[in-house]
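# Structural overview
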Protein chains: 2
Amino acid sequence: METRTEISSLGEFGLIDHLTKNIEFSNASSILGVGDDAAVIDHFGKQTVITTDMLLEGVHFDLMYTPLKHLGYKSVVVNLSDIYAMNATPTQITLNIAVSNRFSVEALEEFYEGVYAACERYQVDLIGGDTSTSRSGFIISVTALGEVNPDQFVQRSTAQKGDLICVSGDLGGAFLGLTLLERERQIYLENPKIQPDLENEQYIVGRLLKPEARKDIIAFLAENEIRPTAMMDISDGLSSEILHICKQSSLGCVLYEEKIPIHEDSRMAAFKFGLDPTACALSGGEDYELLFTIAQSEYDKLVLNEQISVVGYMTDAAEGSHILTKGGNKFRITAQGWNAFKDQ
Amino acid sequence: METRTEISSLGEFGLIDHLTKNIEFSNASSILGVGDDAAVIDHFGKQTVITTDMLLEGVHFDLMYTPLKHLGYKSVVVNLSDIYAMNATPTQITLNIAVSNRFSVEALEEFYEGVYAACERYQVDLIGGDTSTSRSGFIISVTALGEVNPDQFVQRSTAQKGDLICVSGDLGGAFLGLTLLERERQIYLENPKIQPDLENEQYIVGRLLKPEARKDIIAFLAENEIRPTAMMDISDGLSSEILHICKQSSLGCVLYEEKIPIHEDSRMAAFKFGLDPTACALSGGEDYELLFTIAQSEYDKLVLNEQISVVGYMTDAAEGSHILTKGGNKFRITAQGWNAFKDQ
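Throughout what follows, the structure given in this document is the object of discussion. Since the model is a prediction, treat every value here as computed from it, not as a measurement.

### Let's talk about the overall build of chain A
- Along chain A, the regular secondary structure elements total ten helices and 14 strands.
- Looking at chain A as a whole, 56% of its 344 residues are labelled buried.
- Pairs at least 24 apart in sequence give 82% of the contacts found in chain A among residues at least 6 apart.

As structure tokens, then:
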């Protein structure tokens with residue numbers, strides 16, 4: 001009888017670990033491979049940073065409430081975010097798409113309009129890709145390349161004990177935008193005559209549908225000669241990402257609930273939906289903010305930037321990974337967020 | 001009323017042209033973009049060549065007769081073939097896959113076994129990618145990078161009048177393998193008790209399921225200091241590909257039917273299926289051989305290699321693109337092959 005292990009038993013990261021654990025490099029130019037936001041290639045001058053991502057209709061996006069132009073823009077931005085998260089500057093992308101005959105040329109033009117808008121905003125060149133037929137919906141695969149001065153890229157595995165944990169912008173908004181749009185979709189499906197109520201929700205809807213990569217933060221860090229000790233982008237929620245840094249750096253951490261940046265509009269939306277804003281920030285994905293650690297000695301340079309919040313610090317691995325709540329409680333951080341409150 | 005143009009009215013290449021015609025580069029490092037087998041990036045030393053391709057179940061492959069290991073191998077090789085077709089050496093790949101829960105970990109291991117076998121054979125490193133959920137079948141997107149000495153890459157647009165047209169290996173085998181497997185699949189669906197009859201068909205089945213990229217030809221050209229004037233890989237059939245070179249080089253061509261290399265096993269299979277072997281070579285895809293042009297003065301160096309056939313020469317554009325048959329007839333080459341025999 002053949003063994004059959006369900007993919008679900010490993011989870012996404014477990015599966016990637018499992019499938020890539022025996023890789024050995026053949027080329028000296030392969031500096032960094034699987035296991036970070038992007039891979040690094042040395043090209044005898046600048047180093048090349050490359051990342052890739054696939055987006056599938058019905059899995060990653062719903063065309064019922066995602067305008068194709070926004071989808072094109074976002075498909076590029078989520079990859080550029082990974083390049084910035086390596087402390088690199090994006091330079092080129094390639095784009096593969098597959099579509100069924102449900103889509104017209106005009107629909108694809110709209111999608112590409114968004115792609116080109118992102119390319120222009122971030123000054124990257126679309127340099128290749130292919131287009132195929134799909135039997136089921138829209139499939140997008142983007143690869144982004146970036147450049148970085150030799151060995152200036154920043155990994156996830158290099159945080160130090162005592163380092164400050166920093167977050168750019170604010171968190172939870174994209175998840176609340178998704179919650180809102182999913183709710184409106186449900187109402188619409190039940191009664192198509194009811195118009196969606198998106199009044200005063202532009203902020204959270206924008207966070208979901210048109211995220212930006214934090215080019216400005218990388219520029220600020222460079223201008224002020226602040227070198228993060230570790231960095232990644234926040235695509236799966238703060239809890240999940242800080243645990244990646246802890247695990248890969250063999251450290252623990254403490255986060256302070258009161259320090260976690262949440263936009264006023266996100267807070268209002270959370271209350272409206274009966275959700276805890278902090279839980280949304282910890283477990284909600286797709287904010288595409290940067291999460292990074294810096295030496296405490298860099299703190300004075302950092303406070304110049306209102307777009308950066310210090311939310312905690314790194315500890316020994318033995319101390320575990322915890323969050324201190326406003327009420328004075330201490331909870332263990334889990335990749336699902338701290339909703340469960342199962343143990344300390 | 002909104003305009004609606006069907007994608008089918010443009011065709012694949014027309015669609016890509018249409019969607020990418022307004023690209024302007026922002027970075028000096030973007031040397032060559034959309035429109036060739038791969039894009040080129042200058043990295044201040046070696047230049048980087050990058051290509052990407054998507055393969056979808058039910059569109060590009062049928063898992064009923066494609067072993068997953070072979071699929072993994074082929075997914076890599078078809079991209080490496082594009083890198084070689086630029087006269088470059090592949091160095092790294094990234095791989096995105098999406099699968100439904102129909103697939104087990106063991107199934108994916110098998111797929112990756114093929115990926116790694118190709119990586120080892122061609123000495124390339126898998127350096128990134130992601131894995132997602134699919135609601136419908138297996139989706140694969142590979143990006144390959146390669147390196148080339150500055151400006152030694154070979155495009156499709158640089159053939160010269162009078163150049164010899166060369167083809168590596170032999171053509172039509174993969175298409176005949178596909179024809180055979182599709183026929184066996186049909187027989188199986190009609191009567192599952194009948195076992196497939198693949199006796200003596202290893203060659204054509206192998207051509208389809210386990211193609212190789214022509215690393216050896218690129219090495220031979222380098223060793224003998226032969227610089228092709230134009231080059232591409234043959235993934236869509238000789239007719240379609242030579243027309244790309246003609247169009248992009250603003251030239252015409254003459255091919256000689258009797259010079260087109262066809263393996264004896266392919267010829268036998270074609271006769272068995274009632275197909276014309278030459279038509280299979282011209283219009284059948286997926287052979288992944290190299291098509292290139294060289295100056296006539298290089299001919300003496302070329303004849304050393306039995307794996308290279310000279311099949312014709314480049315002419316003025318005004319003379320059109322034709323094939324001279326064994327019977328002495330002259331037919332215009334069309335992207336669908338010369339089956340139609342509609343005009344000269």
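### Remarks on the sheet that holds strand E8 (residues 164–168) of chain A
Residue and element names in this part refer to chain A.
- Across the sheet, seven strands lie side by side as E9-E11-E8-E12-E10-E13-E14; this open sheet has mixed pairing. Sheet topology places strand E9 (230–234) and strand E14 (330–332) at the edges, where each strand pairs with a single neighbour. Within this sheet the neighbouring strands show an average axis-to-axis angle of 25°, counted without direction.
- Pairing of strand E10 (residues 251–256) with strand E13 (residues 321–324), which is carried by four bridges, proceeds in the parallel orientation. The partner of valine 254 across the bridge, within E13, is histidine 322.

### A short note on the sheet that holds strand E9 (residues 230–234) of chain B
Residues and elements named next belong to chain B.
- With mixed pairing, seven strands are arranged side by side in an open sheet as E9-E11-E8-E12-E10-E13-E14. Strands with a single pairing partner mark the edges of an open sheet, and in this sheet they are E9 and strand E14 (330–332). Strand-to-strand, the axes of this sheet are offset by a mean angle of 25°, without reference to chain direction.
- Of the pairings in the sheet, the one linking strand E8 (residues 164–168) to strand E12 (residues 308–316) comprises five bridges and is antiparallel in character. Its bridge partner lying in E12, cysteine 166 is registered against valine 310.
- Its contacts with the sheet place helix H6 (residues 215–223) against E8, E9, strand E11 (289–294) and E12, and it is angled at close to 25° to E11.

### A short note on helix H3 (residues 105–122) of chain B
- Over its 18 residues, H3 of chain B runs 25 Å from end to end, which matches the ideal 26 Å to within 8%, given 1.5 Å per residue.
- Glutamine 123 of chain B sits one or two residues past H3 of chain B and shows a positive phi near 55°.

### Overview of the packing of aromatic side chains
- Scanning the model with the defined rule gives twelve aromatic pairs over all chains in all.
- Centroid distance phenylalanine 111 of chain A to phenylalanine 138 of chain A: 4.9 Å. Interplanar angle 50°. Geometry classified as tilted. Highlighted residues: phenylalanine 111 of chain A in helix H3 (residues 105–122) and phenylalanine 138 of chain A in the loop between strand E6 (131–133) and strand E7 (139–148), separated in sequence by 27 residues. Across the pair, exposure class does not vary: phenylalanine 111 of chain A and phenylalanine 138 of chain A are buried alike.
- Measuring from ring centre to ring centre gives 5.8 Å for tyrosine 112 of chain B and tyrosine 116 of chain B, while their planes differ by 55°; the resulting arrangement is tilted. Residue tyrosine 112 of chain B and its partner tyrosine 116 of chain B are located together in helix H3, separated by four residues, close to a single helical turn.
- A relative accessible area of 5% means that tyrosine 112 of chain B is categorised as buried.

### A look at the state of the cysteines
- Taken as a whole and assessed by the stated rule, the structure comprises zero disulfides over all chains.
- With no disulfide of its own, cysteine 246 of chain A lies 3.7 Å from the sulfur of cysteine 253 of chain A, the closest cysteine sulfur.

### Re the side chain of threonine 143 of chain B
- One can find threonine 143 of chain B in strand E7 (residues 139–148).
- On the accessibility criterion, threonine 143 of chain B (1% relative accessible area) is buried.
- At a separation of 3.0 Å, a polar atom in the side chain of threonine 143 of chain B contacts the side chain of threonine 52 of chain B.
- Those residues within four positions of threonine 143 of chain B in sequence are excluded, and the remaining contacts are Ile50, Thr94 and Thr143 of chain A together with Ile50, Thr51, Thr52, Gln92, Ile93 and Thr94 of chain B.

### Re the packing of helix H4 (residues 173–190) of chain A against helix H8 (residues 264–272) of chain A
Residue and element names in this part refer to chain A.
- Remark: H4 packs on H8, axes separated minimally by 9 Å, with the N-to-C direction vectors making an angle of 45°. For the element pair H4 / H8, the angle class is oblique. Of the two possible hands of crossing, H4 and H8 adopt the one that is left-handed. Along its contact with H4, which presents Gly173, Leu176 and Arg183, the element H8 presents Ser266, Ala269, Ala270 and Lys272.
- A class-by-class count of the residues in the contact of H4 with H8 yields three nonpolar, two polar and two charged.

### Some details on the environment of serine 239 of chain A
Residues and elements named next belong to chain A.
- Tracing the backbone through its elements, the reader meets serine 239 in helix H7 (residues 238–249).
- On the accessibility criterion, serine 239 (0% relative accessible area) is buried.
- Remark: the alpha-carbon pair of serine 239 and alanine 281, spanning 42 residues in sequence, is separated by 8.5 Å.

### Quick word on the pattern of salt bridges
- A complete count under the given rule lists 30 salt bridges over all chains for this structure.
- The salt bridge partner of lysine 272 of chain A is glutamate 201 of chain A, with a shortest N-O separation of 2.5 Å. With lysine 272 of chain A in helix H8 and glutamate 201 of chain A in the loop between H4 and helix H5 (202–209), the pair connects residues that are 71 residues apart, well separated along the chain.
- The salt bridge partner of arginine 214 of chain B is glutamate 289 of chain B, with a shortest N-O separation of 2.9 Å. Separated by 75 residues along the polypeptide, arginine 214 of chain B in the loop between helix H5 (202–209) and H6 and glutamate 289 of chain B in strand E11 bring together distant segments of the chain. Across the pair, glutamate 289 of chain B and arginine 214 of chain B agree in class, each one buried.
- Look at the salt bridges and you will find they share partners, linking Arg207, Arg214, Asp216, Asp287 and Glu289 of chain A into a network.

### Remarks on the environment of methionine 268 of chain A
- Positionally, methionine 268 of chain A belongs in helix H8.
- When the C-alpha atoms of methionine 268 of chain A and glutamate 201 of chain A are compared, they prove to be 9.6 Å apart, with 67 residues separating the residues in sequence.

### Examining unusual backbone geometry
All names here are of chain A.
- The phi torsion at glutamine 123 lies on the positive side, around 55°, for a residue other than glycine.
- Relative to the elements of secondary structure, glutamine 123 occurs in the loop between H3 and strand E5 (125–128).
- A residue is classified by how much of its surface remains accessible, and glutamine 123, at 40% relative accessible area, is partly exposed.

### Quick word on the pairing of E8 of chain A
Residues and elements named next belong to chain A.
- Most of E8 sits inside the fold, with five of its five residues counted as buried.
- As paired strands, E8 and strand E11 (residues 289–294) are joined by four bridges and run antiparallel to one another. Each residue of the ladder has a partner; that of cysteine 166, found in E11, is phenylalanine 292.

### Observations regarding the nonpolar core
- Formed by 51 residues in total, the largest nonpolar core has its most connected members in Leu80, Ile93, Leu95, Phe111, Phe138, Ile140 and Phe292 of chain A.
- Put simply, the parts of the chain that give this core at least two residues each are strand E3 (47–56), helix H2 (68–84), strand E4 (89–99), H3, E7, E8, helix H6 (215–223) and E11 of chain A.
- Counting residues domain by domain, this core receives three or more from each of domain 1 (7–21 + 29–148) and domain 2 (164–332) of chain A.
- Counting 50 residues, the second largest nonpolar core, distinct from the first, contains Val76, Met86, Cys119 and Ile140 of chain B.

What counts as what
- Numbers given for residues are sequential positions, taken from 1 along each chain in its written order.
- Chains and ligands are labelled by the order in which they are written, letters from A for the one and numbers from 1 for the other.
- The predicted nature of this model means local features are confined to residues of pLDDT at least 70 and side-chain atom pairs, given and counted, to a pLDDT of 80 or more, with totals for whole chains, interfaces and linings taken over all residues.
- Where side-chain values are given, they derive from all heavy atoms of the structure, hydrogens and water being excluded.
- Helix and strand assignments follow DSSP, with helices taken as H or I runs no shorter than four residues and strands as E runs no shorter than two, numbered in order from the N terminus.
- Exposure is judged per residue with a 1.4 Å probe applied to protein chains only, and the accessible area is read against the type maximum: over 50% gives exposed, under 20% gives buried, and values in between give partly exposed.
- Here a residue-residue contact requires only that any non-hydrogen atoms of the pair lie within 4.5 Å.
- What makes two strands pair is DSSP finding at least two bridges between them.
- Each axis is a line fitted through C-alpha atoms, and for a helix only the stretch in contact is used; angles between axes span 0 to 180 degrees, taken between their N-to-C directions.
- Given the number of residues in a helix, its expected span is that number minus one, multiplied by 1.5 Å.
- In summary, the pairing rule links any two rings of Phe, Tyr or Trp, Trp by its six-membered ring, whose centres are within 6.5 Å, and it sorts them by plane angle into stacked for under 30 degrees, edge-to-face for over 60 and tilted for everything else.
- What counts as a disulfide here is a pair of cysteine sulfur atoms lying within 2.5 Å.
- Here a polar contact is recorded for every N or O atom pair within 3.5 Å, except that within protein the pair must consist of a potential hydrogen donor and a potential acceptor, and residues adjacent in sequence are included only if both atoms are side-chain atoms.
- Working rule for angles: under 35 degrees goes down as roughly parallel, over 145 as roughly antiparallel, 65 to 115 as roughly perpendicular, anything else as oblique.
- Whether a crossing is left-handed or right-handed is set by the direction in which the near helix is turned from the far one by less than a right angle, anticlockwise for left-handed and clockwise for right-handed.
- Side-chain classes are defined by residue name, with Ala, Val, Leu, Ile, Met, Phe, Trp, Tyr, Cys and Pro counting as nonpolar, Asp, Glu, Lys and Arg as charged, and the others, Gly among them, as polar.
- Salt bridges are counted wherever a side-chain nitrogen of Lys or Arg sits within 4 Å of a carboxyl oxygen of Asp or Glu.
- Definition of nonpolar core: a set of buried residues of the types Ala, Val, Leu, Ile, Met, Phe, Trp, Tyr and Cys, connected through side-chain atoms within 4.5 Å.
- In this entry, domain limits derive from an automatic or database-based domain assignment.

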